[in-house]
Amino acid sequence: MNTVHIDTVDLNLLRLFDAVYRARNVSRAAEALGLTQPAASHGLTRLRLLLGDALFTRTPGGVAPTPRADRLAVAVQAALATLERALHEPDRFEPQVSRKTFRIHMSDIGEGRFLPALMARLRELSPGVRVETMPLAPGDIAAGLDSGKVDFAFGFLPGVKDTQRAQLLKDRYIVLLRKDHPFVRRRRSGQALLEALQELDYVAVRTHAETLRILQLLNLEDRLRLTTEHFMVLPAIVRATDLAVVMPRNIARGFAQEGGYAIVEPPFPLRDFTVSLHWSKRFESDPGNRWLRQVITELFSERA
């Protein structure tokens, strides 16, 4: 049996093969494809030579497939059907009936900030849609977007290059303390407040590099008393201890509304940052990707 490389096979020959196999007649297959009888016969001859098999034998009124043709037909018909579906894929997304799963890179702090409102909105617009959060290492995010491993990435991601992005909101890093912390009673501002941070002990999250970077820049690493893996445990720790945490103001305000917390805003270096939505240029025109981008930007963008 000949071994044939896919590069040597013309797609039109496979369409011709499929038409002849279904019609069991070369003339009817040629007519269905808009070919002349000689052109169809020439095409079959080319395919026979490529595969080293007669493929079809003459019978009264038409042709019959060889065993090799029967085996080949299964694969050819499946491949052509797959191409047909891909080429006729609708260019719009139907949110009311879709059961698509969207995968999103998001830190635990991002989950707390964005998921409640996002899931509530999706419940209204597309009740069958699913969301999976899939945190990736910073160096893997761009490749994950390009490969389709994740559809979107949320957050302040300064190391993520060469992606499409939409700015959602501006934020800044602050210090969160328990409401009755002695530090809160002394009113200070500016440089005096920045220097007074030496009085505090801190808790930080290992995976949130920017907050650790701020502590390093202020020479506060020696004041770090607890390092955790998960951000969402910090409010309970802060409320029960004298530890302080450097965190985004938007998240801190949510905790402060529940009572028991105080927000202090020192003039940190690198304190201002932008939260963006990232996606791959490869999927710029994908209907589902385009739809969810619009939902997210309308829901969270400060410009909306």
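Residues numbered from 1 in each chain as written. Predicted model: local features only at pLDDT ≥ 70, side-chain atom pairs only at ≥ 80, totals over all residues. Heavy atoms only, no water.

### Observations concerning the packing of aromatic side chains
- Taken as a whole and assessed by the stated rule, the structure comprises 10 aromatic pairs.
- Ring centres of Phe 17 and Phe 56 lie 5.6 Å apart, and the angle between their planes is 40 degrees; this geometry places the pair in the tilted category. Placement of the pair is Phe 17 in helix α1 (residues 11-23) and Phe 56 in strand β1 (residues 56-59), with a sequence separation of 39 residues. The two residues Phe 17 and Phe 56 agree in class, both being buried.
- Arg 24 extends its terminal NZ or CZ atom over the ring of Tyr 21, reaching a point 4.5 Å from the ring centre.
- Here Lys 100 stacks its cationic end above the ring of Phe 102, 5.2 Å away from the centre of that ring. (Phe/Tyr/Trp six-rings, centres within 6.5 Å; stacked < 30°, edge-to-face > 60°. Helix = DSSP H or I, 4+ residues; strand = E, 2+ residues; numbered from the N terminus. Buried < 20%, exposed > 50% of the residue type's maximum accessible area, 1.4 Å probe, protein only. Lys NZ or Arg CZ within 6 Å of the ring centre and 35° of its normal.)

### What to know about the pairing of strand β7 (residues 201-205)
- Among the five residues of β7, four are classified as buried, and the element is accordingly described as predominantly covered.
- When β7 meets strand β9 (residues 243-248), the two strands line up parallel, connected through two bridges. The residue of β9 that forms the bridge with Asp 201 is Leu 243.
- Pairing between β7 and strand β8 (residues 224-228): four bridges, direction parallel. The residue bridging Tyr 202 from the neighbouring strand is Leu 224, located in β8.
- As for the winding sense of the linkage, the β-α-β connection from β7 through helix α9 (residues 209-217) to β8 is right-handed. (Pairing = 2+ DSSP bridges. Right-handed = clockwise from strand over helix to strand, strands pointing away.)

### Points about unusual backbone geometry
- Notably, Asp 162 is not glycine yet its phi reads approximately 55 degrees, a positive angle.
- Here Asp 162 shows up in the loop between β5 (152-155) and β6 (164-178).
- The exposure class assigned to Asp 162 is exposed, which follows from its relative accessible area of 77%.
- Even without a glycine there, the phi angle at Asn 219 is positive, about 55 degrees.
- Among the secondary structure elements, Asn 219 is positioned in the loop between α9 and β8.
- For Asn 219, a relative accessible area of 61% puts it in the exposed group.

### Structural notes on a nonpolar patch on the surface
- Together, Leu 11, Leu 83 and Leu 87 make up an exposed nonpolar region whose accessible area comes to about 300 Å².
- Of note, Leu 11 is situated in helix α1.
- You can call Leu 11 partly exposed: its relative accessible area is 42%. (Patch = residues over 30% accessible without salt bridge, like charges linked within 9 Å, V, L, I, M, F, W, Y side chains within 5 Å. Areas by Shrake-Rupley, 256 points an atom, 1.4 Å probe, with all protein chains shown as cover. Salt bridge = Lys/Arg side-chain N within 4 Å of Asp/Glu carboxyl O.)

### What about the side chain of His 181?
- Among the structural elements, His 181 can be located in the loop between β6 and α7 (182-185).
- Those residues in contact with His 181 that lie beyond four places of it in its chain are Leu 200 and Asp 242. (Contact = heavy atoms within 4.5 Å.)

### Things to note about the confidence of the model for the protein chain
- Chain-level statistics for the protein chain give a pLDDT mean of 89 and a share of 95% at 70 or above.
- When pLDDT is averaged over each element of the protein chain, strand β3 (residues 101-105) comes out on top at 96 and helix α11 (residues 249-257) at the bottom at 86. (pLDDT = per-residue confidence, 0-100.)

### Quick notes on the pattern of salt bridges
- This model, assessed by the stated rule, comprises 14 salt bridges.
- With a closest N to O distance of 3.8 Å, Arg 172 and Glu 265 form a salt bridge. In this pair, Arg 172 sits in strand β6 while Glu 265 sits in the loop between β10 (261-264) and β11 (272-279), placing the two residues 93 residues apart along the sequence.
- Connected through salt bridges with shared partners, the residues Arg 172, Arg 249, Glu 265 and Asp 272 form a single ionic network.

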